[in-house]
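A look at the structure
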Amino acid sequence: MYVVMNKLTVAPEGAATLEAGFAHSGERMRQTPGCVNFELLHEEQTEGNDVYMVITQWQDKDAFLAWTQSDAFRRAHSGSGDSGAMGELHMYASVVDSR
């Protein structure tokens, strides 16, 4: 299992735009080869900017890397600057999985 987490920080006025941009991501990601799960989380009780965490789980690192080179990846990120969000990407190889 390979897990990718992208922490997105966005000004409150950009939050609705960011959420709208992810509105159909779950369905698209379910159709992506190698993608096991997709989540968009909104951090509670933050002051100032809104904080989101995008979490994707992949069968393996190769599946994630293949997606980053695909047309689907380019389409998914084509309007990503519209919300003004700043991202911080973290990638992890699973060590223990209790499923």
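The structure under discussion appears in the preceding block.
What this report covers is the structure whose coordinates are included nearby. The shown structure was predicted, so the numbers you read here are calculated from the model rather than taken from an experiment.

Take the environment of E19 next. Note on placement: E19 falls in helix α1 (residues 12-21). For the pair E19 and V36, spaced 17 residues apart in the sequence, the C-alpha separation amounts to 21 Å. Side-chain polar atoms of E19 contact the side chain of Y52, separated by 2.5 Å.

Moving on: the pattern of salt bridges. Overall, the coordinates contain two salt bridges when judged by the stated rule. As a salt-bridge pair, R74 and D71 come within 2.7 Å of each other at their nearest N and O atoms. Residue R74 and its partner D71 are both found in helix α4 (residues 71-76); the two are separated by three residues, about one turn of the helix. Classification of D71 as partly exposed rests on a relative accessible area of 48%.

Another aspect to go through is the environment of A76. Assignment of secondary structure puts A76 in helix α4. For A76, a relative accessible area of 37% corresponds to the partly exposed category.

Buried residues of α1: G14, A15 and L18, and no others. Angularly, the buried residues of α1 cover 120° about the axis, an arc narrow enough to put them on a single face. Residues of α1 that are exposed and point over 90 degrees away from its buried face: E13, A16 and A20. Residues of α1 that are buried sit in contact with β1 (2-10) and β3 (50-58).

Quick notes on the rules
Residues numbered from 1 in each chain as written. Predicted model: local features only at pLDDT ≥ 70, side-chain atom pairs only at ≥ 80, totals over all residues. Heavy atoms only, no water. Helix = DSSP H or I, 4+ residues; strand = E, 2+ residues; numbered from the N terminus. Polar contact = N/O pair within 3.5 Å; in protein donor to acceptor, adjacent residues only side chain to side chain. Salt bridge = Lys/Arg side-chain N within 4 Å of Asp/Glu carboxyl O. Buried < 20%, exposed > 50% of the residue type's maximum accessible area, 1.4 Å probe, protein only. Arc of directions from axis to C-beta. Contact = heavy atoms within 4.5 Å.

What is shown is where atoms sit, not what they do.
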